[in-house]
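A closer look at the structure
Take a look at the letters that make up each chain.
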Amino acid sequence: MKRILTVQDISCVGKCSLTVALPVISAAGVECSVLPTAVLSTHTAFPEFTFRDLTDEIEPIGEVFSRLGIDFDAVYTGYLGSKRQVALVSELIRRQKEKGAYVLIDPVMADNGSLYPGFTAEFPPLMADMCRMADLVVPNVTEAALMLGMPYREKYDEKYIKELLAGLVSLGAKSATISGVSFSDDKIGFMHLDGAGGEYTLYLNEKLPKSYHGTGDLFASVTLGGVMRSLGEVRALELATDVTLDAMRHTARDKNARFYGVNFEEALPLLISRLSE
């Protein structure tokens, strides 16, 4: 069984970050180890939450891993909240890459043309530098544009997305995927660039009229699970798109759906069955 390490925050209540990554990757048949960067009572979409920064624990935890000889087949990063966290996690990634680990970076920091609260303009260049270590980087359109210093476009064409992807690969990422790509009102998916072969792949599925918290974390987690199960990046990304849509459909049908996250639990049977084919 493959073993991965995911480095991101955890909310006691709220479907995002580690509360999505851990069960999804485990359901994919991959051991999921965690390194929490912060603990929150609830995620930040709630009107009130506590926050305990765990930056000071990152380096000691990594040192224990090293002393015990614990290595990982992949490292997956999500939300990182500070310059120091980026530096510490980059060093952890460097050590694991030297031992052959696959690296997936989801540069969670922005959406809809704006940085999330708490981030400043100095943060996207830090993430851009970190992306040079990635085997696969999976930003949304806003995050890609910010990291590259390109204008964000709410309305865009295929040429613009390809320019973003080419820019991400030029940072040093081996491959790049932009999630949430949509050229029409009824379709949404991803576009991927294989840095080695220079091949672009566009995959679209149904676009629902409502968005939900945690879909990006679900997409990235399924993708890594699929890669670790030897699907290859494109097939893993296609699976992630389909599983995310399935979770959203379940949520839309659920009259008791929680406002704070997508019903990813109900999409796990699809994930498991597709990985068993």
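Residues numbered from 1 in each chain as written. Predicted model: local features only at pLDDT ≥ 70, side-chain atom pairs only at ≥ 80, totals over all residues. Heavy atoms only, no water.

1. A look at the state of the cysteines
The cut-off we apply is this: The rule for a disulfide is simple: a pair of cysteine sulfur atoms within 2.5 Å.
Scanning the model with the defined rule gives zero disulfides in all. Free cysteine Cys12: the closest other cysteine sulfur is in Cys16, separated by 11 Å. No disulfide involves Cys32; its nearest neighbouring cysteine sulfur is the one of Cys16, lying 14 Å away.

2. Quick look at the packing of aromatic side chains
Ring pairs (aromatic) are described by centroid distance and by the angle formed between their planes. Cut-off, in case you're wondering: Any pair of Phe, Tyr and Trp rings, taking the six-membered ring for Trp, is counted once the centres come within 6.5 Å. Such a pair is stacked with planes under 30 degrees apart, edge-to-face with planes over 60 apart, and tilted for the rest. Elements are defined by DSSP. Helices are runs of H or I of four residues or more, strands are runs of E of two residues or more, and each kind is numbered from the N terminus. Only protein chains enter the accessibility calculation, which uses a 1.4 Å probe; a residue is then buried when its area is under 20% of its type maximum, exposed when over 50%, and partly exposed in between. By definition, being over a ring means that NZ of Lys or CZ of Arg is both within 6 Å of the ring centre and within 35 degrees of the ring normal.
In total, this model carries ten aromatic pairs according to the counting rule given. Ring geometry for Phe190 versus Phe219: centroids 6.4 Å apart, planes at 50 degrees, classification tilted. Placement of the pair is Phe190 in strand 10 (residues 187-194) and Phe219 in helix 7 (residues 215-228), with a sequence separation of 29 residues. Judged by its relative accessible area of 0%, Phe190 is buried. Here Phe219 falls in the buried class, since its relative accessible area comes to 8%. Grouped by ring-pair contacts, the aromatic residues Phe46, Phe259 and Tyr260 constitute a single cluster. One Lys or Arg, Arg3, reaches over the ring of Phe72 and ends 5.5 Å from the middle of that ring. Its end group placed over the ring of Tyr200, Lys162 keeps NZ or CZ at 5.1 Å from the ring centre.

3. Observations concerning the environment of Ala101
This is how it is decided: By definition, residues are in contact when any of their heavy atoms lie within 4.5 Å.
Mapped onto the fold, Ala101 is located in the loop between helix 3 (83-97) and strand 5 (102-105). Using a relative accessible area of 6% as the deciding quantity, one classes Ala101 as buried. Along the primary structure Ala101 and Gln8 are separated by 93 residues, whereas in three dimensions their C-alpha atoms are 18 Å apart. Excluding anything up to four places from it in sequence, Ala101 contacts Phe72, Asp73, Ala74, Gln96 and Asp135.

Geometric descriptors of this kind do not, in isolation, establish any biological role.
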